[in-house]
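Topology and contacts: notes
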Amino acid sequence: MTSMPLAERLGAHVKRADQALSAAKNAALKPAGLTVPQYSALLHLGENPGISAAALARACGVTPPTMNTVLKNLQELGLIERTPHEWHKNILETRLTPKGEEAMAAADARAVRLERALAAQFTDEERRTLVALLDRCADFLESARTG
């Protein structure tokens, strides 16, 4: 027996919700032909055209080598283009192609439906409380990691 029962471990509950969300997003995005990491990259690229791979990796919460693999696959699919930065030739700027914009829009519509269906499980007050509690968790865990 451990010193803390599993049912009392908040991390186990957060992980379960995270895994369920990831699985549901994977299922929602599959018909659009994208994985969750690919969708996340396209979503951030749509908001930040020209972002570097390193910055994109940080925004998506993955390692730079993982992001390079995601970008290679997206480029092979014709969804992004990578061109040398105007002044820093060793930095590649990444942008959506018209095909990438279409794929992102189709995937985003599916992801938004899932997000809205999830949000509908809560009242407005419950959603605000849940967001505040999750933010508090993240803030504490980020400070615990660095402190």
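I will try to describe carefully the structure that is included in this document. Quick caveat, the model's predicted, so the values are computed rather than measured.

Scanning the protein chain from terminus to terminus reveals six helices and two strands. With respect to the principal axes defined by its C-alpha atoms, the protein chain has extents near 55 × 35 × 30 Å. The 147 residues of the protein chain split such that 22% are buried. Nonlocal contacts in the protein chain, meaning residues at least 24 apart in sequence, comprise 45% of its contacts between residues at least 6 apart. Surface summary for the protein chain: the accessible area is close to 10300 Å², and the carbon and sulfur share equals 58%. Of the charged side chains in the protein chain, 18 are positive and 17 negative, and the gap between their average positions amounts to 5 Å.

What follows is about a nonpolar patch on the surface. Judged by side-chain polarity, Val14, Leu21, Leu118, Phe122, Leu130 and Leu134 come together as a nonpolar surface patch covering roughly 450 Å² of accessible area. In this structure, Leu130 sits in helix H6 (residues 124-146). On the accessibility criterion, Leu130 (34% relative accessible area) is partly exposed.

Before going further, it helps to examine the packing of helix H2 (residues 36-47) against helix H5 (residues 98-119). One way to put it is that H2 packs onto H5 with a least axis distance of 10 Å and a crossing angle of 115°. Classified by the interaxial angle, the pair formed by H2 and H5 is roughly perpendicular. Between H2 and H5 the crossing geometry is left-handed. Residues Tyr39, Leu42 and Leu43 of H2 pack against Gly100, Met104, Ala107, Asp108 and Ala111 of H5. Split into classes, the residues belonging to the contact of H2 with H5 amount to six nonpolar, one polar and one charged.

Here Thr94 lies in strand S2 (residues 92-96). In this structure the side chain of Thr94 is engaged in a polar contact, spanning 3.3 Å, whose partner is the side chain of Arg82. When near neighbours in sequence (up to four residues on either side) are disregarded, Thr94 contacts Leu45, Pro49, Gly50, Ile51, Leu71, Ile80, Glu81 and Arg82.

Take the environment of Lys15 next. Within the secondary structure layout, Lys15 lies in helix H1 (residues 10-29). Since its relative accessible area comes to 46%, Lys15 is described here as partly exposed. Each C-alpha atom, one on Lys15 and one on Pro84, is 39 Å from the other, the two residues being 69 residues apart in sequence.

Cut-offs applied
- Residues numbered from 1 in each chain as written.
- Predicted model: local features only at pLDDT ≥ 70, side-chain atom pairs only at ≥ 80, totals over all residues.
- Heavy atoms only, no water.
- Helix = DSSP H or I, 4+ residues; strand = E, 2+ residues; numbered from the N terminus.
- Buried < 20%, exposed > 50% of the residue type's maximum accessible area, 1.4 Å probe, protein only.
- Contact = heavy atoms within 4.5 Å.
- Areas by Shrake-Rupley, 256 points an atom, 1.4 Å probe, with all protein chains shown as cover.
- Lys, Arg positive; Asp, Glu negative; His and termini not counted.
- Charge placed at Lys NZ, Arg CZ, Asp CG, Glu CD.
- Patch = residues over 30% accessible without salt bridge, like charges linked within 9 Å, V, L, I, M, F, W, Y side chains within 5 Å.
- Salt bridge = Lys/Arg side-chain N within 4 Å of Asp/Glu carboxyl O.
- Axes fitted to C-alpha atoms, helices over the stretch in contact; angles between N-to-C directions.
- Parallel < 35°, antiparallel > 145°, perpendicular 65-115°, else oblique.
- Left-handed = near helix turned anticlockwise from the far one by under 90°.
- Nonpolar A, V, L, I, M, F, W, Y, C, P; charged D, E, K, R; others polar.
- Polar contact = N/O pair within 3.5 Å; in protein donor to acceptor, adjacent residues only side chain to side chain.

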